[in-house]
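# Structural characterization, general
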Amino acid sequence: MGFMLVCPILTSLFLMPAKILDGKQLAQQLRSELTEEVIEFIQNNGAVPCLAAVLVGDNAASEVYVRNKQRACEAVGIESQLHRLGSDASTEDLLKLIAKLNKDAEVHGILVQLPLPPQMDKSRVLSAVNPNKDVDAFHPENVGRLVQGRPRFLPCTPQGVQQLLVRNKIETAGKRVVILGRSEIVGRPLSIMLSQHGVGGEATVTVCHSRTRDLAAVCKQADILIAAIGRAKFVTAEFVKPGAVVIDVGINRAEGGVVGDVDFEAVKAVAGAITPVPGGVGPLTIAMLLRNTLLAAQLLET
Ligand code: NDP
């Protein structure tokens, strides 16, 4: 009898629609905090933080990303430069440009927009950026520092996910986190950050990938499930423990617009909290790029 009374209450609790974790609103708040810090930096140092973006070739999505990043810079008082190379440029051409930007005292952050054309050696290019100006945190020195728990810059998307959790007061300490995806840009560094000591860390992290067996069962153990695989609506309700926090990093172009890696409507009914796509992790990634550019300026000017 008791069971029959409690069960519907539990069921209705779990069927409550998830809290929507609004990345757009949080990014606005972070940007207004940054605007204040940028003003203070300029007053104290007489220099304006400056981000140089390098765009190679004519990838339409990259054009949009770079334009959005430049607009975001301007909105918080950070200067932005755009340097273009043609799609037939060589690795040497790009290395020359990077060497010039490395030396330019007015440039604090350098961002090489990926992907690069196939003829280019990505790893040589990313290793050529001055580690003190490496606002994407892709340079081996910055990756090594992150792994050792003494980061200079935190990579932008993982940092955005961590801030989303911290600012929404979602505890990570002692929690079971499952990350879908092991890329160098998202899954791998995020797994390191969430398992490290300190605020937004201390989690027990499992990283899944295309060779993981019983994927849905592994994901279903997560208190916090993070999807970064680039497969539209791949994560269905069967992957999600009732009440879990679901963070969707995916950006997939589909009919009718952009969708995430999570089947939002189905998972919303099971999860305790969930990020939308668009309007979740994406805006935070850009906010973190701005934060890193200010940090680079602080490192170089003070
Ligand atoms: P990658 O393609 O570099 O990596 C994808 C990862 O997912 C790989 O580790 C791959 O496994 C794994 N994977 C792919 N398919 C499956 C599957 N069916 N089952 C299990 N694992 C799978 O992607 P990124 O990390 O660069 O990006 C992931 C997504 O996040 C994309 O949609 C991208 O657009 C988006 N993104 C969003 C950003 C934002 O600001 N919101 C920023 C960066 C990326 P394996 O290693 O075995 O191949």
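Residues numbered from 1 in each chain as written. Predicted model: local features only at pLDDT ≥ 70, side-chain atom pairs only at ≥ 80, totals over all residues. Heavy atoms only, no water.

Another aspect to go through is the pairing of strand E7 (residues 224–227). In E7, alternate side chains face the same way, and those of Ile-224 and Ile-226 on one face and Leu-225 and Ala-227 on the other are all buried. Of the pairings in the sheet, the one linking strand E5 (residues 176–180) to E7 comprises 4 bridges and is parallel in character. Counterpart to Val-177 in the pairing with E7 is Ile-224. Here E7 runs beside strand E8 (residues 245–248); their pairing, made up of 4 bridges, is parallel. Residue pairing for E8: Ala-227 is matched across the bridge by Asp-248. (Buried < 20%, exposed > 50% of the residue type's maximum accessible area, 1.4 Å probe, protein only. Helix = DSSP H or I, 4+ residues; strand = E, 2+ residues; numbered from the N terminus. Pairing = 2+ DSSP bridges.)

A word on the site of the ligand. If you check the shell around the ligand, you find 20 residues, and the closest are Arg-182, Ser-183, Ser-210, Ile-251 and Thr-285. Note that an oxygen atom of the ligand is positioned 2.7 Å from one of the side-chain N or O atoms of Arg-182. The contact in question runs from an oxygen atom of the ligand to an N or O atom on the side chain of Ser-183, over 2.5 Å. With the chains in place, 71% of the 920 Å² that the ligand exposes on its own is no longer accessible. A total of 3 residues in the shell around the ligand trace back to one element, the largest contributor, which is helix H11 (residues 281–301). (Near = heavy atom within 4 Å. Polar contact = N/O pair within 3.5 Å; in protein donor to acceptor, adjacent residues only side chain to side chain. Areas by Shrake-Rupley, 256 points an atom, 1.4 Å probe, with all protein chains shown as cover.)

A word on the domain arrangement of the protein chain. Looking at the assigned domains, one finds that the protein chain contains domain 1 (47–136) and domain 2 (155–283). For domain 1 and domain 2, the distance between their C-alpha centroids amounts to 28 Å. Across the contact, 4 residues belong to domain 1 and 5 residues belong to domain 2. A buried area of about 300 Å², summed over both sides, lies between domain 1 and domain 2, and 51% of it is on carbon and sulfur atoms. Counting every contact that joins domain 1 to domain 2 gives 0 salt bridges. Across the domain 1-domain 2 interface, the total number found is 1 residue pair in polar contact (both at pLDDT 80 or more). (Domains from an automatic or database assignment. Contact = heavy atoms within 4.5 Å. Buried area = accessible area lost by both parts, 1.4 Å probe. Salt bridge = Lys/Arg side-chain N within 4 Å of Asp/Glu carboxyl O.)

Strands belonging to one sheet form pairs held by backbone hydrogen bonds; the direction of such a pair is parallel or antiparallel. Sheet architecture is open: 3 strands sit in the order E3-E2-E4, paired in parallel fashion. Across the chains shown, the open sheet's two edge strands, defined by having one partner strand only, are strand E3 (79–85) and strand E4 (109–112). Averaged over neighbouring strand pairs, the angle between their axes works out to 20° when direction is ignored. Bridging between strand E2 (residues 50–56) and E4 involves 4 bridges; their strand directions are parallel. What sits directly across from Ala-53, in E4, is Leu-111. (Axes fitted to C-alpha atoms, helices over the stretch in contact; angles between N-to-C directions.)

Turning to helix H8 (residues 187–195), a few remarks are in order. Most of H8 is tucked away: 7 of the 9 residues are buried. Looking at H8, one finds that the buried residues are Gly-187, Pro-189, Leu-190, Ser-191, Ile-192, Met-193 and Leu-194. Buried residues along H8 sit against helix H6 (140–147), helix H7 (156–167), E5, strand E6 (204–208) and E7.

Let's shift gears to the packing of helix H2 (residues 23–45) against H11. Where H2 meets H11, the axes come as close as 9 Å, and the angle between the chain directions of the two elements is 15°. By the angle between their directions, the pair H2 and H11 is classed as roughly parallel. Considering only the axes of H2 and H11, their crossing is left-handed. Only Pro-283, Leu-284, Ala-287, Met-288, Leu-290, Arg-291, Leu-294, Ala-297, Gln-298 and Glu-301 of H11 make contact with H2, whose side of the interface consists of Gly-23, Lys-24, Leu-26, Ala-27, Leu-30, Arg-31, Leu-34, Glu-37, Val-38, Phe-41 and Asn-45. Considering only residue class, the contact of H2 with H11 consists of 13 nonpolar, 3 polar and 5 charged. (Parallel < 35°, antiparallel > 145°, perpendicular 65-115°, else oblique. Left-handed = near helix turned anticlockwise from the far one by under 90°. Nonpolar A, V, L, I, M, F, W, Y, C, P; charged D, E, K, R; others polar.)

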